[in-house]
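Each chain, letter by letter, is given below.
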Amino acid sequence: HGTGGWDNITVWGESDTVILEYCQISNGLGKEVAVVGPGQYRLAAAPNAIAMGGAILLGAGCKGQIRQCTISQNGGQGAISLVDVESVTIAHNTIQENRENGIVCLGGCPQIENNLLFYNKKSGIVCRSGNRSLLSQNRCQRNQWAGIVVQQESQPILQENAIHGSPNGIVWETSQPWELG
C-alpha cells in the first residue's frame, strides 16, 4: 500500500484463531473485502470491494480475542473489522483517533465489551448486515458522527454502554426491534 503504512493483521477462516493482548497497533491501511452475495464475503480486490480492518481484520468464522490493546490512527472502514465471526471477544481495548470507525461488524455475533472508543472520525461501533453482537459496557466518547450505528437488519444486544460528546448517540437504521439488556 505504499509508504504511508502497512496492510493489517488478517485472520480469515474457520480453522484460524487469534489472540492479541497488550499490543499497540497503528497506521494500518486495511485489506479489501469483496461482497459476493448477501452476507457473503471474500478477501479480494474487486469492483465492489471495500477496505476493511485498518489494523485488524477477522473473518470467515475465525475465533479469538483482542484484549488490552491500544489501536489508533488506522485506515479502513473499521480499525477493527469483524466479518461473519462468532467466537470472537473484543474487550478492554482503547480504540482511538482512527480515520473512519473504531469497530465495524458485518454479520456474525462477536462480543464487544468494556472498550473505550473515542475521537474516531466517524463512529465508535458500527453493526451491519444482520450482525447480532453483544455490545456491553463500552464507552464511546467524542466520535465525530455517532457512538453506535446499527444498520442493514442487524440486531445487536446493547447493555450498559455509555455514549458522550458525539453528535448522534445511537443511530438505528434497521427495521429490527431494539433489544436492550
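Quick note: structure is the one above.
So, here's what we can say about the structure. (Residues numbered from 1 in each chain as written. Predicted model: local features only at pLDDT ≥ 70, side-chain atom pairs only at ≥ 80, totals over all residues. Heavy atoms only, no water.)

1. Points about the overall build of the protein
- When helices and strands are counted, the protein shows zero helices and 22 strands.
- C-alpha atoms of the protein, sized along the principal axes, occupy 40 × 30 × 30 Å.
- Of all 181 residues assigned to the protein, the portion counted as buried reaches 50%.
- Look at the contacts in the protein between residues 6 or more apart in sequence, and 44% of them connect residues 24 or more apart.
- On the protein, the mean spot of the 11 positive side-chain charges and the mean spot of the 14 negative ones are 6 Å from each other. (Helix = DSSP H or I, 4+ residues; strand = E, 2+ residues; numbered from the N terminus. Buried < 20%, exposed > 50% of the residue type's maximum accessible area, 1.4 Å probe, protein only. Contact = heavy atoms within 4.5 Å. Lys, Arg positive; Asp, Glu negative; His and termini not counted. Charge placed at Lys NZ, Arg CZ, Asp CG, Glu CD.)

2. Concerning the sheet that holds strand 6 (residues 50-52)
- Taking strand neighbours across the sheet as the criterion, the three strands line up as 5-4-6 in an open arrangement whose pairing is antiparallel. The open sheet has two edge strands with one neighbour each: strand 5 (40-43) and strand 6. Between one strand axis and the next, the sheet turns through 45° on average, direction left out of account.
- Taken together, the four bridges between strand 4 (residues 31-37) and strand 5 define a ladder with antiparallel strand orientation. Paired with V35 across the bridge in strand 5 is Y41. (Pairing = 2+ DSSP bridges. Axes fitted to C-alpha atoms, helices over the stretch in contact; angles between N-to-C directions.)

3. A few points about the nonpolar core
- Counting residues in hydrophobic clusters, the biggest one holds 31 residues, and the most contacted among them are L58, I71, L82 and I103.
- Only strand 2 (17-21), strand 7 (56-59), strand 10 (78-83), strand 11 (88-91), strand 13 (101-106), strand 16 (123-128) and strand 19 (146-151) provide two or more residues apiece to this core.
- At three residues, strand 10 tops the list of elements feeding residues into this core.
- Among all residues touching L58, those that are not within four sequence positions of it are V11, W12, V18, I66, S81, L82, V83, V85 and V88.
- Counting eleven residues, the second-largest nonpolar core is a separate cluster that includes V33, M52, L106 and V149. (Core = buried A, V, L, I, M, F, W, Y, C linked by side-chain atoms within 4.5 Å.)

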